[in-house]
Amino acid sequence: MIRRASLVLVGALMGATAMGVVYSATMPAVAANSSTYRELAIFGDVFERVRAQYVTPPQDDKLIENAINGMLTSLDPHSSYMNSADAEDMRTQTRGEFGGLGIEVTMEEDLVKVTSPIDDTPAARAGVLAGDFISKIDGQDVRGLKLEEAVDKMRGAVGTPIKLTILRKGAEKPIELTIVRDVIAVRAVKVRVEGDVGYLRVISFTEKTFEDLKKGIEKIQAEVPVDKLKGYVLDLRLNPGGLLDQAINVSDAFLERGEVVSTRGRNPDETRRFNATPGDLADGKPVVVLVNGGSASASEIVAGALQDLKRATVLGTRSFGKGSVQTIIPLGEAGALRLTTALYYTPSGKSIQGTGITPDIKVEQPLPPELLGKVEAQGESDLRGHIPGQEETEEGSGSVAYVPPETKDDIQLNYAFDLLRGKKTDPSFPANPQQAQLKE
């Protein structure tokens, strides 16, 4: 039922927006004219002048890296150069696992606060508890570090030890723990049963996403009898994207047929189409997909496919509108080049670049008082230098990206529950695949 072979990936989980990528070792070259080489000679002259005469001696590698990045970022917000460390970090994120301790953390009062230890990980086995504050890492004070820097220090090679100094409420003195790093698998999908409804939250599209989703659906079906199960909520809010083959597989999990997505490059012969295959893991049960301004790229592929093929009703607010595909070109030890090479299109042939996915049912999620004036709507259309979408208007793309931590406060999620339980009605629900205009 599920497609396995695909070279195309969308989203490497870099920053707030995801990006599309195609791994490729070679790219077709186009000969430059003589004026281009004259300009390159000017660049070489400027480089040597800076090296020789700048007030303080610059680092050659940094000059070159910044020059390359300047060239790429002038193209669009998603093209860039990744040094070897950045490239490895991207590969780690797309794999969905890394060497570490197994804790979810945040920053509070200049200390790293453990929000949750992950079950059956080194941290959990060592006795780290939710609410613990990490004050030192290998003897170095955490104060003054950014959260990302602290996380980098806690990650490392599998089998290597790390010493944490923990402050715990009720403890008379700091707790010293030595923990040995292990492989930590990041959950790509969180699953729970809400009475007679199955809830599937796709956090990101890593190599593990489809398998996590499949196991989640099986878990729900094992807990709720088929005659009692009202349907599923597929929550894609705050999902920045990830691997394209996983977005196709997740879409295909709910589909019997139809084109899921297509990618189109500069030349017509670069167009690629990806189709669903028979087999609906949800057995035709109604599906509501949740999106907001934090739903980008791969998550928009899933929402667009299920919406166009009328397999699901999309609810929430307009998505981010990130519809471009990037090619990742490995440069050996030098890192990798990330270059925009195509746009992707939903089954109906729409490009969402700069427009986003418009929900079938618009439901706003109010901000709490403490966030009023601090959180603004943002989308691809707001990014400086973005590629203008073919259907982009002054309205642009994106919306506020906020999800309440408590289910009782989550208006969008509860609206979805009410639809599935028949407490609310809408012409777009339930979606009927028989009404979809399919491309065979």
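Rules and cut-offs
Residues numbered from 1 in each chain as written. Predicted model: local features only at pLDDT ≥ 70, side-chain atom pairs only at ≥ 80, totals over all residues. Heavy atoms only, no water. Helix = DSSP H or I, 4+ residues; strand = E, 2+ residues; numbered from the N terminus. Rg over C-alpha atoms; globule rule 2.2 N^0.38 Å. Contact = heavy atoms within 4.5 Å. Areas by Shrake-Rupley, 256 points an atom, 1.4 Å probe, with all protein chains shown as cover. Lys, Arg positive; Asp, Glu negative; His and termini not counted. Charge placed at Lys NZ, Arg CZ, Asp CG, Glu CD. Domains from an automatic or database assignment. Phe/Tyr/Trp six-rings, centres within 6.5 Å; stacked < 30°, edge-to-face > 60°. Lys NZ or Arg CZ within 6 Å of the ring centre and 35° of its normal. Salt bridge = Lys/Arg side-chain N within 4 Å of Asp/Glu carboxyl O. Buried < 20%, exposed > 50% of the residue type's maximum accessible area, 1.4 Å probe, protein only. Polar contact = N/O pair within 3.5 Å; in protein donor to acceptor, adjacent residues only side chain to side chain. Axes fitted to C-alpha atoms, helices over the stretch in contact; angles between N-to-C directions. Left-handed = near helix turned anticlockwise from the far one by under 90°. Nonpolar A, V, L, I, M, F, W, Y, C, P; charged D, E, K, R; others polar.

Participant: Please set out the overall build of the chain residue by residue, giving values where relevant.
Facilitator: Helix and strand counts for the chain come out as nine helices and 21 strands. Here the C-alpha atoms of the chain give a radius of gyration of 24 Å, agreeing with the 22 Å that 2.2 N^0.38 yields for 440 residues. The C-alpha extent of the chain, read off along each of the three principal axes, is 75 × 70 × 45 Å. Considering only contacts in the chain between residues 6 or more positions apart, those separated by 24 or more positions represent 71%. Carbon and sulfur atoms make up 51% of the accessible area of the chain, which amounts to about 21900 Å² in all. Side chains of the chain give 51 positive and 62 negative charges; the mean places of these two sets differ by 2 Å.

Participant: Talk me through the domain arrangement of the chain; I want residue IDs and the actual numbers.
Facilitator: Size of an interface, as often reported, equals the accessible area lost when the parts are brought together. Assigned domains within the chain: domain 1 (100-183) and domain 2 (189-435). Measuring from the centre of the C-alpha atoms in domain 1 to the corresponding centre in domain 2 gives 33 Å.

Participant: Break down the packing of aromatic side chains for me, citing the residues and quoting the values.
Facilitator: Going through the model one piece at a time under the given rule, you end up with zero aromatic pairs. In this arrangement the basic side chain of Arg192 is found over the ring face of Tyr199, its NZ or CZ atom lying 4.2 Å from the centre. One cation-aromatic arrangement involves Lys424 over Tyr415; the distance from NZ or CZ to the ring centre is 5.0 Å.

Participant: Now, about the pattern of salt bridges: what can you tell me, with residues and values included?
Facilitator: Under the criterion given, the structure shown has 20 salt bridges. Close ionic contact of Asp120 with Arg125 constitutes a salt bridge, the shortest N to O distance being 3.0 Å. Its salt-bridge partner being Glu395, residue Arg318 comes within 3.0 Å of it at the nearest N-O pair. Of this pair, Arg318 sits in the loop between β18 (313-316) and β19 (324-330) while Glu395 is found in the loop between β21 (361-362) and α9 (411-421), placing the two residues 77 residues apart along the sequence. With a relative accessible area of 61%, Glu395 lands in the exposed category. Residues participating in the shared-partner salt-bridge network are Glu48, Arg51 and Asp60.

Participant: So what's going on with the side chain of Asp280? Residues and values would help.
Facilitator: Tracing the chain through its elements places Asp280 in the loop between β16 (272-275) and β17 (287-291). Among the polar contacts made by the side chain of Asp280, one reaches the main-chain amide nitrogen of Ala282 at a distance of 2.8 Å.

Participant: Can you break down the packing of helix α1 (residues 34-53) against helix α2 (residues 60-73) residue by residue, with the values?
Facilitator: Relative placement of two packed helices is described by the angle separating their axes and the distance separating the axes. Packing of α1 against α2 brings their axes to within 11 Å, and their N-to-C directions diverge by 145°. With respect to the hand of their crossing, α1 and α2 are arranged in right-handed fashion. Side by side, α1 and α2 meet where Phe43, Phe47, Val50 and Arg51 of the first sit next to Asp60, Leu63, Ile64 and Ala67 of the second. Grouping the constituent residues of the contact of α1 with α2 by class yields six nonpolar, no polar and two charged.

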